[in-house]
Amino acid sequence: MNYYIISISIYALIVLLFYFFSKKKNTFQTQTTWWKNGFSLFAVNFSITTPLVYSGVLHTEGVSGLWLFWCAYAISGFLPFVFAPLWAKLNFVTDNQFLLFRFSGKGAKALHIFRTIYVGWIIVAFLMSFQLLALLKVITYITGWEREIALMIISFVLILIALKNKLGINIELDFFNTVFIIICFVGVLICLMFLPKTEPSQKIIELHPIFPSNKLNLLVLFFVQTWSVNLFDGSGIEAQRFFSTKNKSNVWKVAFLSSALALLFSLVVLLINYLGANKFGSPNLADQEMNVLFYLQNGLPNWFTPIIFIAFLAAFITSFEGLLNWGASFLSIDGYKTYINPKISAKKLTRVSILSMLFIVCTSLLITYFNDNLTILIKVFFSISAGVAPVFVLRWFWFRINAWSQLSAMLSSGIYTLLYQSFVKNMDLEQLILKITTLNQYSIQLITITSLTTVTWVCITFLTKKDDKQTLEDFKNQVLKGYNLKKSISKAITFGCSLILILYLIVKIINNVW
(Lines give C-alpha, C1' and ligand atoms only; values in the text may rest on other atoms or scores of the structure.)
Protein backbone atom coordinates (compact mmCIF):
# COMPACT_ATOMS: atom_id res chain seq x y z
CA MET A 1 0.00 0.00 0.00
CA ASN A 2 3.00 2.31 0.51
CA TYR A 3 3.72 2.11 -3.21
CA TYR A 4 0.17 3.28 -3.93
CA ILE A 5 0.45 6.23 -1.53
CA ILE A 6 3.77 7.31 -3.04
CA SER A 7 2.53 6.96 -6.64
CA ILE A 8 -0.73 8.83 -6.04
CA SER A 9 1.09 11.60 -4.14
CA ILE A 10 3.62 12.15 -6.94
CA TYR A 11 0.93 12.19 -9.64
CA ALA A 12 -1.30 14.53 -7.61
CA LEU A 13 1.66 16.89 -7.15
CA ILE A 14 2.35 16.94 -10.90
CA VAL A 15 -1.31 17.70 -11.69
CA LEU A 16 -1.38 20.49 -9.10
CA LEU A 17 1.78 22.00 -10.63
CA PHE A 18 0.09 22.02 -14.04
CA TYR A 19 -2.85 23.94 -12.60
CA PHE A 20 -0.67 26.28 -10.51
CA PHE A 21 1.80 27.34 -13.22
CA SER A 22 -0.62 27.42 -16.13
CA LYS A 23 -1.44 30.88 -17.45
CA LYS A 24 -4.54 29.71 -19.30
CA LYS A 25 -7.51 31.75 -18.10
CA ASN A 26 -10.25 31.09 -20.65
CA THR A 27 -12.38 28.08 -19.77
CA PHE A 28 -13.31 27.07 -23.32
CA GLN A 29 -10.74 28.65 -25.68
CA THR A 30 -7.01 28.28 -26.29
CA GLN A 31 -4.47 28.08 -29.13
CA THR A 32 -1.80 25.40 -29.25
CA THR A 33 0.15 23.14 -31.62
CA TRP A 34 -1.42 20.45 -33.78
CA TRP A 35 0.54 17.59 -32.20
CA LYS A 36 -0.57 18.52 -28.67
CA ASN A 37 -4.16 18.62 -29.88
CA GLY A 38 -3.62 15.26 -31.62
CA PHE A 39 -2.38 13.65 -28.41
CA SER A 40 -5.23 15.29 -26.50
CA LEU A 41 -7.88 14.05 -28.94
CA PHE A 42 -6.49 10.52 -28.76
CA ALA A 43 -6.40 10.64 -24.94
CA VAL A 44 -10.01 11.81 -24.64
CA ASN A 45 -11.31 9.20 -27.09
CA PHE A 46 -9.13 6.34 -25.82
CA SER A 47 -10.23 6.57 -22.18
CA ILE A 48 -9.99 4.18 -19.25
CA THR A 49 -12.81 2.06 -20.69
CA THR A 50 -10.77 0.56 -23.56
CA PRO A 51 -8.69 -2.02 -21.62
CA LEU A 52 -11.73 -3.18 -19.65
CA VAL A 53 -14.09 -3.42 -22.62
CA TYR A 54 -11.47 -5.23 -24.70
CA SER A 55 -10.97 -7.68 -21.83
CA GLY A 56 -14.69 -8.40 -21.57
CA VAL A 57 -15.14 -8.91 -25.31
CA LEU A 58 -11.97 -11.00 -25.77
CA HIS A 59 -12.91 -13.40 -22.96
CA THR A 60 -16.51 -13.86 -24.10
CA GLU A 61 -16.35 -13.59 -27.90
CA GLY A 62 -12.67 -13.80 -28.83
CA VAL A 63 -10.82 -11.37 -31.09
CA SER A 64 -13.63 -11.47 -33.64
CA GLY A 65 -15.87 -9.62 -31.16
CA LEU A 66 -13.60 -6.58 -31.31
CA TRP A 67 -14.91 -5.72 -34.78
CA LEU A 68 -17.72 -3.98 -32.91
CA PHE A 69 -15.08 -1.26 -32.39
CA TRP A 70 -12.51 -1.97 -35.10
CA CYS A 71 -14.96 -1.52 -37.98
CA ALA A 72 -14.79 2.23 -37.26
CA TYR A 73 -11.21 2.28 -38.60
CA ALA A 74 -12.66 1.72 -42.09
CA ILE A 75 -14.08 5.24 -42.09
CA SER A 76 -11.48 6.86 -39.80
CA GLY A 77 -9.93 8.67 -42.76
CA PHE A 78 -13.02 10.82 -43.31
CA LEU A 79 -12.30 12.99 -40.28
CA PRO A 80 -8.72 14.09 -41.18
CA PHE A 81 -9.15 14.25 -44.96
CA VAL A 82 -12.80 15.23 -45.54
CA PHE A 83 -14.06 17.18 -42.53
CA ALA A 84 -11.05 18.60 -40.66
CA PRO A 85 -10.21 20.97 -43.57
CA LEU A 86 -13.82 22.22 -43.51
CA TRP A 87 -13.82 22.88 -39.75
CA ALA A 88 -10.52 24.73 -40.19
CA LYS A 89 -12.35 27.42 -42.18
CA LEU A 90 -14.66 28.20 -39.26
CA ASN A 91 -13.94 30.19 -36.13
CA PHE A 92 -16.32 29.15 -33.36
CA VAL A 93 -15.98 28.45 -29.66
CA THR A 94 -18.30 25.41 -29.78
CA ASP A 95 -19.33 23.18 -32.68
CA ASN A 96 -22.95 23.86 -31.74
CA GLN A 97 -22.56 27.43 -33.06
CA PHE A 98 -22.14 25.84 -36.51
CA LEU A 99 -25.88 25.11 -36.54
CA LEU A 100 -26.82 28.80 -36.55
CA PHE A 101 -24.37 29.36 -39.41
CA ARG A 102 -25.40 26.41 -41.61
CA PHE A 103 -29.18 26.51 -41.04
CA SER A 104 -31.74 29.33 -40.97
CA GLY A 105 -35.10 30.21 -39.48
CA LYS A 106 -36.92 28.80 -36.47
CA GLY A 107 -35.60 25.33 -37.19
CA ALA A 108 -32.00 26.45 -36.65
CA LYS A 109 -32.87 27.99 -33.29
CA ALA A 110 -34.93 24.97 -32.20
CA LEU A 111 -32.11 22.57 -33.17
CA HIS A 112 -29.51 24.76 -31.45
CA ILE A 113 -31.49 24.78 -28.19
CA PHE A 114 -32.26 21.07 -28.36
CA ARG A 115 -28.67 20.02 -29.05
CA THR A 116 -27.43 22.37 -26.32
CA ILE A 117 -29.45 20.46 -23.75
CA TYR A 118 -29.51 16.97 -25.27
CA VAL A 119 -25.81 16.73 -26.13
CA GLY A 120 -24.38 19.20 -23.60
CA TRP A 121 -26.19 17.55 -20.72
CA ILE A 122 -27.59 14.07 -21.48
CA ILE A 123 -25.14 12.67 -24.06
CA VAL A 124 -22.06 14.08 -22.33
CA ALA A 125 -23.25 12.74 -18.96
CA PHE A 126 -23.82 9.37 -20.64
CA LEU A 127 -20.30 9.35 -22.13
CA MET A 128 -18.80 10.39 -18.80
CA SER A 129 -20.60 7.53 -17.09
CA PHE A 130 -18.53 5.12 -19.26
CA GLN A 131 -15.39 6.59 -17.70
CA LEU A 132 -16.85 6.55 -14.19
CA LEU A 133 -17.97 2.95 -14.44
CA ALA A 134 -14.54 1.86 -15.66
CA LEU A 135 -12.72 3.72 -12.87
CA LEU A 136 -15.16 2.29 -10.36
CA LYS A 137 -14.32 -1.24 -11.51
CA VAL A 138 -10.58 -0.54 -11.18
CA ILE A 139 -10.85 0.97 -7.69
CA THR A 140 -13.17 -1.69 -6.25
CA TYR A 141 -10.98 -4.48 -7.63
CA ILE A 142 -7.72 -3.05 -6.28
CA THR A 143 -8.94 -1.74 -2.91
CA GLY A 144 -11.82 -4.13 -2.19
CA TRP A 145 -14.04 -1.18 -1.27
CA GLU A 146 -17.80 -1.34 -1.59
CA ARG A 147 -19.07 0.12 -4.88
CA GLU A 148 -21.07 2.87 -3.14
CA ILE A 149 -18.11 3.99 -1.00
CA ALA A 150 -15.81 4.14 -4.03
CA LEU A 151 -18.41 6.14 -5.97
CA MET A 152 -18.73 8.60 -3.10
CA ILE A 153 -14.95 9.15 -2.96
CA ILE A 154 -14.77 9.58 -6.74
CA SER A 155 -17.52 12.20 -6.61
CA PHE A 156 -15.33 14.47 -4.46
CA VAL A 157 -12.48 14.20 -7.01
CA LEU A 158 -14.89 15.07 -9.81
CA ILE A 159 -15.99 18.22 -8.00
CA LEU A 160 -12.35 19.33 -7.83
CA ILE A 161 -11.97 18.66 -11.57
CA ALA A 162 -15.04 20.78 -12.28
CA LEU A 163 -13.73 23.71 -10.24
CA LYS A 164 -10.46 23.95 -12.21
CA ASN A 165 -11.44 22.75 -15.68
CA LYS A 166 -9.98 24.93 -18.45
CA LEU A 167 -9.38 23.81 -22.03
CA GLY A 168 -5.81 25.12 -22.22
CA ILE A 169 -4.77 23.30 -19.04
CA ASN A 170 -6.60 20.18 -20.17
CA ILE A 171 -4.69 19.95 -23.46
CA GLU A 172 -1.32 20.42 -21.73
CA LEU A 173 -2.21 17.81 -19.11
CA ASP A 174 -3.59 15.48 -21.79
CA PHE A 175 -0.22 15.45 -23.54
CA PHE A 176 1.59 14.57 -20.31
CA ASN A 177 -0.98 11.91 -19.42
CA THR A 178 -0.84 10.33 -22.89
CA VAL A 179 2.95 10.00 -22.87
CA PHE A 180 2.77 8.58 -19.33
CA ILE A 181 0.03 6.07 -20.28
CA ILE A 182 1.89 4.90 -23.40
CA ILE A 183 5.12 4.33 -21.43
CA CYS A 184 3.24 2.43 -18.71
CA PHE A 185 1.29 0.14 -21.04
CA VAL A 186 4.31 -0.60 -23.22
CA GLY A 187 6.15 -1.44 -19.98
CA VAL A 188 3.33 -3.83 -19.04
CA LEU A 189 3.55 -5.46 -22.46
CA ILE A 190 7.30 -6.02 -22.10
CA CYS A 191 6.84 -7.52 -18.60
CA LEU A 192 4.19 -9.96 -19.84
CA MET A 193 6.23 -10.96 -22.90
CA PHE A 194 9.14 -12.12 -20.75
CA LEU A 195 7.01 -13.62 -18.00
CA PRO A 196 7.19 -17.43 -17.79
CA LYS A 197 3.97 -19.26 -18.59
CA THR A 198 2.24 -20.60 -15.48
CA GLU A 199 -0.70 -22.28 -17.22
CA PRO A 200 0.47 -24.80 -19.86
CA SER A 201 -3.09 -25.76 -20.71
CA GLN A 202 -5.20 -24.65 -23.69
CA LYS A 203 -5.24 -20.98 -24.68
CA ILE A 204 -7.92 -18.89 -22.98
CA ILE A 205 -8.08 -16.28 -25.74
CA GLU A 206 -7.81 -17.34 -29.37
CA LEU A 207 -6.87 -14.92 -32.14
CA HIS A 208 -8.41 -17.16 -34.77
CA PRO A 209 -10.75 -16.74 -36.49
CA ILE A 210 -9.98 -13.03 -36.83
CA PHE A 211 -13.41 -12.34 -38.33
CA PRO A 212 -16.71 -13.59 -36.84
CA SER A 213 -17.96 -16.89 -38.21
CA ASN A 214 -21.33 -15.25 -38.83
CA LYS A 215 -20.45 -12.99 -41.75
CA LEU A 216 -23.93 -11.44 -41.80
CA ASN A 217 -23.34 -9.77 -38.43
CA LEU A 218 -19.93 -8.57 -39.66
CA LEU A 219 -21.55 -7.00 -42.72
CA VAL A 220 -23.99 -5.18 -40.45
CA LEU A 221 -21.08 -3.73 -38.48
CA PHE A 222 -19.24 -2.57 -41.62
CA PHE A 223 -22.16 -1.39 -43.72
CA VAL A 224 -24.70 -0.26 -41.13
CA GLN A 225 -22.90 0.69 -37.93
CA THR A 226 -19.98 2.45 -39.65
CA TRP A 227 -22.03 4.88 -41.73
CA SER A 228 -25.06 5.20 -39.45
CA VAL A 229 -23.27 5.43 -36.07
CA ASN A 230 -19.49 5.92 -36.43
CA LEU A 231 -19.20 8.23 -39.44
CA PHE A 232 -19.75 11.62 -37.81
CA ASP A 233 -18.25 14.82 -39.19
CA GLY A 234 -16.12 15.67 -36.15
CA SER A 235 -18.69 17.86 -34.45
CA GLY A 236 -17.79 17.40 -30.80
CA ILE A 237 -14.53 17.24 -28.93
CA GLU A 238 -12.82 16.86 -32.32
CA ALA A 239 -14.08 20.26 -33.50
CA GLN A 240 -13.06 21.79 -30.17
CA ARG A 241 -9.49 20.58 -30.81
CA PHE A 242 -9.60 21.82 -34.42
CA PHE A 243 -10.62 25.31 -33.28
CA SER A 244 -7.72 25.25 -30.78
CA THR A 245 -5.03 24.55 -33.39
CA LYS A 246 -2.80 27.55 -34.14
CA ASN A 247 -2.04 26.84 -37.79
CA LYS A 248 -5.33 25.86 -39.43
CA SER A 249 -3.55 24.18 -42.35
CA ASN A 250 -2.38 21.54 -39.85
CA VAL A 251 -5.85 20.70 -38.53
CA TRP A 252 -6.03 17.46 -40.54
CA LYS A 253 -2.88 16.28 -38.75
CA VAL A 254 -4.74 16.44 -35.41
CA ALA A 255 -7.24 13.80 -36.54
CA PHE A 256 -4.60 11.78 -38.40
CA LEU A 257 -2.32 11.54 -35.34
CA SER A 258 -5.27 10.64 -33.09
CA SER A 259 -6.37 7.80 -35.41
CA ALA A 260 -2.85 6.40 -35.75
CA LEU A 261 -2.31 6.43 -31.97
CA ALA A 262 -5.71 4.81 -31.42
CA LEU A 263 -4.84 1.92 -33.75
CA LEU A 264 -1.44 1.34 -32.15
CA PHE A 265 -2.80 1.48 -28.64
CA SER A 266 -5.71 -0.85 -29.37
CA LEU A 267 -3.14 -3.44 -30.47
CA VAL A 268 -1.13 -2.92 -27.26
CA VAL A 269 -4.28 -3.47 -25.17
CA LEU A 270 -5.13 -6.56 -27.24
CA LEU A 271 -1.67 -8.00 -26.61
CA ILE A 272 -1.82 -7.31 -22.87
CA ASN A 273 -5.09 -9.23 -22.58
CA TYR A 274 -3.90 -12.01 -24.89
CA LEU A 275 -0.55 -12.59 -23.17
CA GLY A 276 -2.04 -12.25 -19.70
CA ALA A 277 -4.81 -14.75 -20.38
CA ASN A 278 -2.61 -17.30 -22.05
CA LYS A 279 0.12 -17.14 -19.39
CA PHE A 280 -2.06 -17.06 -16.25
CA GLY A 281 -5.14 -18.89 -17.44
CA SER A 282 -8.67 -17.78 -16.64
CA PRO A 283 -9.13 -16.00 -13.29
CA ASN A 284 -12.81 -17.10 -13.32
CA LEU A 285 -14.07 -13.67 -12.33
CA ALA A 286 -17.80 -13.02 -12.50
CA ASP A 287 -17.17 -9.79 -14.42
CA GLN A 288 -15.06 -10.66 -17.47
CA GLU A 289 -14.14 -7.00 -17.95
CA MET A 290 -12.08 -7.25 -14.74
CA ASN A 291 -9.75 -9.97 -16.08
CA VAL A 292 -7.21 -7.47 -17.40
CA LEU A 293 -6.82 -6.07 -13.87
CA PHE A 294 -6.04 -9.57 -12.61
CA TYR A 295 -3.26 -9.94 -15.20
CA LEU A 296 -1.82 -6.53 -14.33
CA GLN A 297 -1.90 -7.22 -10.61
CA ASN A 298 -0.29 -10.65 -10.87
CA GLY A 299 2.08 -10.21 -13.78
CA LEU A 300 3.94 -7.09 -12.68
CA PRO A 301 6.51 -6.27 -9.98
CA ASN A 302 4.95 -4.91 -6.76
CA TRP A 303 6.33 -1.43 -7.38
CA PHE A 304 4.95 -1.31 -10.95
CA THR A 305 1.32 -2.18 -10.20
CA PRO A 306 0.56 1.15 -8.43
CA ILE A 307 2.05 3.03 -11.39
CA ILE A 308 -0.36 1.22 -13.72
CA PHE A 309 -3.19 2.20 -11.40
CA ILE A 310 -2.07 5.84 -11.83
CA ALA A 311 -2.07 5.30 -15.61
CA PHE A 312 -5.73 4.23 -15.38
CA LEU A 313 -6.43 7.27 -13.24
CA ALA A 314 -4.66 9.52 -15.77
CA ALA A 315 -6.74 8.03 -18.61
CA PHE A 316 -9.89 8.69 -16.61
CA ILE A 317 -8.99 12.31 -15.79
CA THR A 318 -8.07 13.03 -19.41
CA SER A 319 -11.35 11.69 -20.85
CA PHE A 320 -13.54 12.99 -18.08
CA GLU A 321 -12.24 16.56 -18.01
CA GLY A 322 -12.36 16.76 -21.82
CA LEU A 323 -15.98 15.62 -21.99
CA LEU A 324 -16.92 17.82 -19.05
CA ASN A 325 -15.41 20.93 -20.65
CA TRP A 326 -17.16 20.21 -23.94
CA GLY A 327 -20.57 19.66 -22.32
CA ALA A 328 -20.26 22.74 -20.10
CA SER A 329 -19.36 24.89 -23.12
CA PHE A 330 -22.73 23.97 -24.62
CA LEU A 331 -24.73 24.75 -21.49
CA SER A 332 -22.92 27.98 -20.58
CA ILE A 333 -22.11 29.50 -24.01
CA ASP A 334 -24.78 28.04 -26.32
CA GLY A 335 -27.39 28.00 -23.60
CA TYR A 336 -26.95 30.65 -20.92
CA LYS A 337 -24.94 33.27 -22.84
CA THR A 338 -26.88 32.95 -26.12
CA TYR A 339 -30.43 32.92 -24.77
CA ILE A 340 -30.43 34.18 -21.18
CA ASN A 341 -27.67 36.76 -20.67
CA PRO A 342 -25.83 37.74 -23.89
CA LYS A 343 -23.92 40.55 -22.11
CA ILE A 344 -22.56 38.37 -19.32
CA SER A 345 -19.02 39.17 -18.18
CA ALA A 346 -16.18 36.65 -18.50
CA LYS A 347 -15.99 36.31 -14.72
CA LYS A 348 -19.69 35.48 -14.36
CA LEU A 349 -19.53 33.12 -17.34
CA THR A 350 -16.79 31.19 -15.54
CA ARG A 351 -19.13 30.76 -12.56
CA VAL A 352 -21.93 29.57 -14.84
CA SER A 353 -19.55 27.08 -16.47
CA ILE A 354 -18.55 25.67 -13.06
CA LEU A 355 -22.21 25.23 -12.10
CA SER A 356 -22.85 23.56 -15.49
CA MET A 357 -20.00 21.15 -14.88
CA LEU A 358 -21.26 20.25 -11.42
CA PHE A 359 -24.72 19.62 -12.86
CA ILE A 360 -23.32 17.29 -15.56
CA VAL A 361 -21.16 15.49 -12.98
CA CYS A 362 -24.20 14.77 -10.78
CA THR A 363 -26.12 13.37 -13.77
CA SER A 364 -23.23 11.09 -14.78
CA LEU A 365 -22.96 9.82 -11.20
CA LEU A 366 -26.64 8.83 -11.27
CA ILE A 367 -26.25 6.97 -14.59
CA THR A 368 -23.20 5.15 -13.24
CA TYR A 369 -24.96 4.16 -10.04
CA PHE A 370 -27.64 2.23 -11.97
CA ASN A 371 -25.32 0.50 -14.49
CA ASP A 372 -22.47 -2.00 -14.14
CA ASN A 373 -21.69 -3.33 -17.65
CA LEU A 374 -19.59 -1.24 -20.04
CA THR A 375 -20.24 -3.27 -23.19
CA ILE A 376 -24.04 -3.12 -22.77
CA LEU A 377 -23.85 0.62 -22.06
CA ILE A 378 -21.81 1.19 -25.24
CA LYS A 379 -24.24 -0.85 -27.36
CA VAL A 380 -27.17 1.20 -26.03
CA PHE A 381 -25.26 4.38 -26.89
CA PHE A 382 -24.57 3.09 -30.42
CA SER A 383 -28.28 2.35 -30.77
CA ILE A 384 -29.23 5.89 -29.66
CA SER A 385 -26.91 7.22 -32.39
CA ALA A 386 -28.14 4.84 -35.11
CA GLY A 387 -29.16 6.59 -38.33
CA VAL A 388 -28.07 10.02 -37.09
CA ALA A 389 -24.54 10.14 -38.53
CA PRO A 390 -25.60 10.48 -42.23
CA VAL A 391 -27.33 13.79 -41.46
CA PHE A 392 -24.16 15.18 -39.87
CA VAL A 393 -22.17 14.13 -42.94
CA LEU A 394 -24.60 15.14 -45.68
CA ARG A 395 -25.47 18.56 -44.20
CA TRP A 396 -22.12 19.85 -45.54
CA PHE A 397 -22.90 18.91 -49.15
CA TRP A 398 -26.63 18.25 -49.65
CA PHE A 399 -28.41 21.55 -49.18
CA ARG A 400 -31.92 20.14 -49.11
CA ILE A 401 -31.11 19.05 -45.55
CA ASN A 402 -32.28 21.62 -43.03
CA ALA A 403 -32.35 21.97 -39.25
CA TRP A 404 -35.55 19.93 -38.99
CA SER A 405 -33.76 17.02 -40.71
CA GLN A 406 -31.08 16.87 -38.02
CA LEU A 407 -33.52 17.51 -35.19
CA SER A 408 -35.86 14.73 -36.34
CA ALA A 409 -32.94 12.30 -36.70
CA MET A 410 -31.64 12.96 -33.19
CA LEU A 411 -35.09 12.77 -31.61
CA SER A 412 -36.37 9.74 -33.52
CA SER A 413 -33.22 7.68 -32.90
CA GLY A 414 -33.56 8.12 -29.14
CA ILE A 415 -37.32 7.50 -29.17
CA TYR A 416 -37.05 4.37 -31.35
CA THR A 417 -34.32 2.99 -29.08
CA LEU A 418 -36.52 3.44 -26.01
CA LEU A 419 -39.51 1.85 -27.78
CA TYR A 420 -37.40 -1.06 -28.98
CA GLN A 421 -35.97 -1.71 -25.53
CA SER A 422 -39.43 -1.48 -23.95
CA PHE A 423 -41.67 -3.36 -26.39
CA VAL A 424 -39.83 -5.13 -29.20
CA LYS A 425 -36.72 -6.68 -27.68
CA ASN A 426 -38.19 -9.94 -26.42
CA MET A 427 -41.17 -10.23 -28.79
CA ASP A 428 -41.85 -13.23 -31.01
CA LEU A 429 -41.01 -11.17 -34.12
CA GLU A 430 -37.43 -10.60 -33.01
CA GLN A 431 -37.02 -14.26 -32.10
CA LEU A 432 -38.32 -15.23 -35.54
CA ILE A 433 -35.82 -12.92 -37.27
CA LEU A 434 -33.04 -14.38 -35.13
CA LYS A 435 -33.88 -17.87 -36.35
CA ILE A 436 -34.38 -16.97 -40.03
CA THR A 437 -31.38 -14.67 -40.58
CA THR A 438 -28.87 -15.82 -37.91
CA LEU A 439 -28.40 -12.15 -37.01
CA ASN A 440 -27.73 -11.41 -33.35
CA GLN A 441 -29.96 -9.14 -31.26
CA TYR A 442 -27.63 -6.15 -31.55
CA SER A 443 -27.62 -6.35 -35.38
CA ILE A 444 -31.40 -6.59 -35.53
CA GLN A 445 -31.80 -3.61 -33.22
CA LEU A 446 -29.23 -1.58 -35.15
CA ILE A 447 -30.85 -2.28 -38.54
CA THR A 448 -34.34 -1.59 -37.21
CA ILE A 449 -33.52 1.72 -35.55
CA THR A 450 -31.27 2.88 -38.40
CA SER A 451 -34.01 2.16 -40.96
CA LEU A 452 -36.75 3.88 -38.97
CA THR A 453 -34.57 6.89 -38.17
CA THR A 454 -33.45 7.26 -41.80
CA VAL A 455 -37.01 7.09 -43.14
CA THR A 456 -38.10 9.64 -40.53
CA TRP A 457 -35.47 12.31 -41.22
CA VAL A 458 -35.67 11.90 -45.01
CA CYS A 459 -39.46 12.39 -44.90
CA ILE A 460 -39.12 15.42 -42.62
CA THR A 461 -36.50 16.86 -44.99
CA PHE A 462 -38.89 16.91 -47.95
CA LEU A 463 -41.90 17.98 -45.88
CA THR A 464 -40.19 21.12 -44.57
CA LYS A 465 -38.79 24.22 -46.26
CA LYS A 466 -35.26 24.66 -47.53
CA ASP A 467 -32.90 27.05 -45.78
CA ASP A 468 -32.89 30.56 -47.23
CA LYS A 469 -30.58 31.19 -50.20
CA GLN A 470 -28.42 33.78 -48.44
CA THR A 471 -27.54 31.38 -45.59
CA LEU A 472 -26.58 28.66 -48.06
CA GLU A 473 -24.54 31.04 -50.23
CA ASP A 474 -22.62 32.35 -47.22
CA PHE A 475 -21.90 28.79 -46.15
CA LYS A 476 -20.71 27.72 -49.62
CA ASN A 477 -18.47 30.76 -50.05
CA GLN A 478 -16.78 30.42 -46.66
CA VAL A 479 -16.52 26.65 -46.35
CA LEU A 480 -16.76 24.88 -49.72
CA LYS A 481 -15.00 27.33 -52.04
CA GLY A 482 -11.99 25.59 -53.62
CA TYR A 483 -12.74 22.32 -51.84
CA ASN A 484 -12.16 19.07 -53.79
CA LEU A 485 -14.60 16.52 -52.35
CA LYS A 486 -13.69 13.60 -54.65
CA LYS A 487 -9.99 13.89 -53.85
CA SER A 488 -10.71 14.09 -50.10
CA ILE A 489 -12.97 11.02 -50.18
CA SER A 490 -10.42 8.97 -52.13
CA LYS A 491 -7.76 9.80 -49.52
CA ALA A 492 -10.17 8.89 -46.72
CA ILE A 493 -11.09 5.52 -48.23
CA THR A 494 -7.44 4.67 -48.92
CA PHE A 495 -6.48 5.57 -45.35
CA GLY A 496 -9.34 3.56 -43.83
CA CYS A 497 -8.68 0.46 -45.95
CA SER A 498 -4.98 0.69 -45.08
CA LEU A 499 -5.73 0.71 -41.35
CA ILE A 500 -8.03 -2.32 -41.63
CA LEU A 501 -5.38 -4.18 -43.65
CA ILE A 502 -2.63 -3.27 -41.16
CA LEU A 503 -4.86 -4.34 -38.27
CA TYR A 504 -5.61 -7.68 -39.92
CA LEU A 505 -1.97 -8.42 -40.75
CA ILE A 506 -0.70 -7.52 -37.27
CA VAL A 507 -3.30 -9.73 -35.56
CA LYS A 508 -2.33 -12.56 -37.91
CA ILE A 509 1.36 -12.07 -37.10
CA ILE A 510 0.64 -12.02 -33.35
CA ASN A 511 -1.30 -15.27 -33.69
CA ASN A 512 1.61 -16.95 -35.51
CA VAL A 513 4.31 -15.65 -33.12
CA TRP A 514 2.54 -16.43 -29.83
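None of the values given here were measured: they were computed from a predicted structure.

**Student:** I would appreciate a short explanation of the packing of aromatic side chains in the present structure.
**Tutor:** Two measures describe an aromatic ring pair: the distance that separates the ring centres and the angle between the ring planes. In the structure shown here, the tally under the stated rule is 40 aromatic pairs. Aromatic pair Trp303 and Phe304: ring centres 5.3 Å apart, planes at 20 degrees, arrangement stacked. According to the relative accessible area criterion, Phe304 is buried, its value standing at 9%. Residues Trp326 and Phe330 carry aromatic rings whose centres are separated by 5.5 Å and whose planes lie at 70 degrees to one another, so their mutual orientation is edge-to-face. Of the two residues, Trp326 and Phe330 both sit in helix H14 (residues 305–340), four residues apart, roughly one turn of that helix. For Trp326, a relative accessible area of 8% corresponds to the buried category. Following the ring pairs from residue to residue traces out a cluster consisting of Phe83, Trp87, Phe92, Phe98, Phe101, Phe243, Trp396, Phe397, Phe399, Phe475 and Tyr483. Here the basic side chain of Arg102 rests over the ring of Phe475, its NZ or CZ set 5.6 Å away from the ring centre.

**Student:** Got a minute to help me understand the packing of helix H7 (residues 105–143) against helix H15 (residues 346–369) in this structure?
**Tutor:** Each pair of packed helices can be summarised by the angle the axes make with each other and by the distance between the axes. At a minimum axis distance of 7 Å, the contact between H7 and H15 shows a crossing angle of 55 degrees. It follows that H7 is oblique to H15 by the angle criterion. When the axes of H7 and H15 are compared, the crossing they make is right-handed. The residues of H15 that touch H7, namely those facing Gly120, Trp121, Val124, Ala125, Phe126, Met128, Ser129, Leu132, Leu133 and Leu136, are Phe359, Ile360, Val361, Thr363, Ser364, Leu365, Ile367 and Thr368. Here the contact of H7 with H15 is composed, by residue class, of 13 nonpolar, five polar and no charged.

**Student:** Would you take a moment to explain the environment of Ala43 for this structure?
**Tutor:** Summarising the element assignment, Ala43 is placed in helix H2 (residues 34–46). A relative accessible area of 5% places Ala43 in the buried class. For the pair formed by Ala43 and Leu111, sequence separation is 68 residues and the distance between their alpha carbons is 30 Å. Residues within four places of Ala43 in sequence aside, it is in contact with Asp174, Thr178, Thr318 and Ser319.

The rules we used
- Residues numbered from 1 in each chain as written.
- Predicted model: local features only at pLDDT ≥ 70, side-chain atom pairs only at ≥ 80, totals over all residues.
- Heavy atoms only, no water.
- Phe/Tyr/Trp six-rings, centres within 6.5 Å; stacked < 30°, edge-to-face > 60°.
- Buried < 20%, exposed > 50% of the residue type's maximum accessible area, 1.4 Å probe, protein only.
- Helix = DSSP H or I, 4+ residues; strand = E, 2+ residues; numbered from the N terminus.
- Lys NZ or Arg CZ within 6 Å of the ring centre and 35° of its normal.
- Axes fitted to C-alpha atoms, helices over the stretch in contact; angles between N-to-C directions.
- Parallel < 35°, antiparallel > 145°, perpendicular 65-115°, else oblique.
- Left-handed = near helix turned anticlockwise from the far one by under 90°.
- Contact = heavy atoms within 4.5 Å.
- Nonpolar A, V, L, I, M, F, W, Y, C, P; charged D, E, K, R; others polar.

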